[in-house]
Amino acid sequence: MSNEHVDEISGIATTGHEWDGIKELNNPLPRWWVITFYVTIAWAAAYTIAYPAWPMLSSATKGVLGFSSRNDVKKELAAAEAAKGNYVAAIEQNTVSEIVANDALREFAVAAGGAAFKVNCVQCHGSGAQGSAGFPNLNDDDWLWGGKAEQIQETIMHGIRFASDLDTRVSEMPAFGDIITPEQITQVSAYVASLSGAVKDASLVEPGARVFAENCVACHGDKAQGNRELGAPNLTDAIWLYGSGETAIAAQVRAPKHGVMPAWAGRLGQTAVKELTVYVHSLGGGE
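Rules of the game
- Residues numbered from 1 in each chain as written.
- Predicted model: local features only at pLDDT ≥ 70, side-chain atom pairs only at ≥ 80, totals over all residues.
- Heavy atoms only, no water.
- Helix = DSSP H or I, 4+ residues; strand = E, 2+ residues; numbered from the N terminus.
- Rg over C-alpha atoms; globule rule 2.2 N^0.38 Å.
- Buried < 20%, exposed > 50% of the residue type's maximum accessible area, 1.4 Å probe, protein only.
- Contact = heavy atoms within 4.5 Å.
- Areas by Shrake-Rupley, 256 points an atom, 1.4 Å probe, with all protein chains shown as cover.
- UniProt positions renumbered as here; feature names shortened; annotations may be inferred.
- Core = buried A, V, L, I, M, F, W, Y, C linked by side-chain atoms within 4.5 Å.

Asker: Before we move on, could you go through the overall build of the chain and cite the residues and values that matter?
Answerer: Assigned secondary structure in the chain consists of 12 helices and two strands. On C-alpha atoms alone, the chain measures out to a radius of gyration of 36 Å, which is more than a quarter above the 19 Å that the 2.2 N^0.38 rule sets for 287 residues. Counting only C-alpha atoms, the chain reaches 125 × 55 × 40 Å along its principal axes. Out of the 287 residues in the chain, the part that is buried amounts to 29%. For the chain, the share of sequence-separated contacts (at least 6 apart) that also reach a separation of at least 24 residues comes to 54%. Just so you have it, the chain exposes about 18300 Å², and 58% of that area is on carbon and sulfur atoms.

Below is the structure:
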């Protein structure tokens, strides 16, 4: 005699499971679901035969189709290299001014130069090329050595005060603490500060102008607007490499700081230097 229990309402046998008076009906799974389930099993078995799937001790099964994602990546990289080959060749053959004037080449060079900048230059100039104390902001239009494409290229190629490159940019401001008196340093600092802002004691400006005329015009010019041939900065704007204000100016006059930038031509090669040049020129301050 069967002990199977049949639900009085639905007429379907129960599984024998019961919880809190609720019994589970023994409904069969829908046929479409069962078919789908078996199809997925068959698909999985076929997949493991066709493609790499089962791990072995030192490798894995290769699959009868011989598929390899590594080979696909290699092919894609090779295709990318081939696609940019024409651009690289054109950059090698053209000057930086010609590259800047060519929309397609400029766009490619800016992208490649931006990548080179992130690897080699952000440590000093910052991720946004905004610089910091002692490291120039490359986004403005204030350039010690000039902001034309060729001038930027020259600076990147040979660096600044880089001893191992004979063509490096060189400019050194004398330590005026050994040349003029402390009082004169205070006066000339007040004069220089007055060229782009207010000073604490206006009575120091006139004698400071005389000190400037006697000691500083040879490099900075009689209007204090600098000299790019010498790398002498413009003192009439509000852009300062080592800090603004009379105190910071006096410190630089007394014992000037001289930064060093590596020569990148030997490290990156001419093509990468051109790309980096075009990128820096594109930041907004290029002339």
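Asker: How would you sum up the UniProt feature "transmembrane region" (unreviewed entry) in the chain? Please name residues and give values.
Answerer: In the UniProt entry, the feature "transmembrane region" (unreviewed entry) is given for residues 32–54. Secondary structure content for residues 32–54 is 83% helix and 0% strand, while the C-alpha to C-alpha distance between its ends is 30 Å.

Asker: Explain the nonpolar core to me, and be specific about the residues and the numbers.
Answerer: Grouped together as the largest cluster of nonpolar side chains are 18 residues, with contacts concentrated most on Phe-117, Leu-138, Ile-156, Leu-276 and Val-280. Elements that contribute at least two residues to this core include exactly α4 (103–120), α6 (149–158) and α12 (270–282). Excluding anything up to four places from it in sequence, Val-280 contacts Phe-117, Leu-138, Trp-143 and Ile-152.

Asker: Can you break down the UniProt feature "domain: Cytochrome c" (unreviewed entry) in the chain residue by residue, with the values?
Answerer: This chain's UniProt record puts "domain: Cytochrome c" (unreviewed entry) on residues 108–196 and 203–284. Helix and strand shares over residues 108–196 are 45% and 0% respectively, and the end C-alpha atoms of the span are 39 Å apart. Taken end to end, residues 203–284 is 50% helix and 0% strand, and its two terminal C-alpha atoms sit 39 Å from one another.

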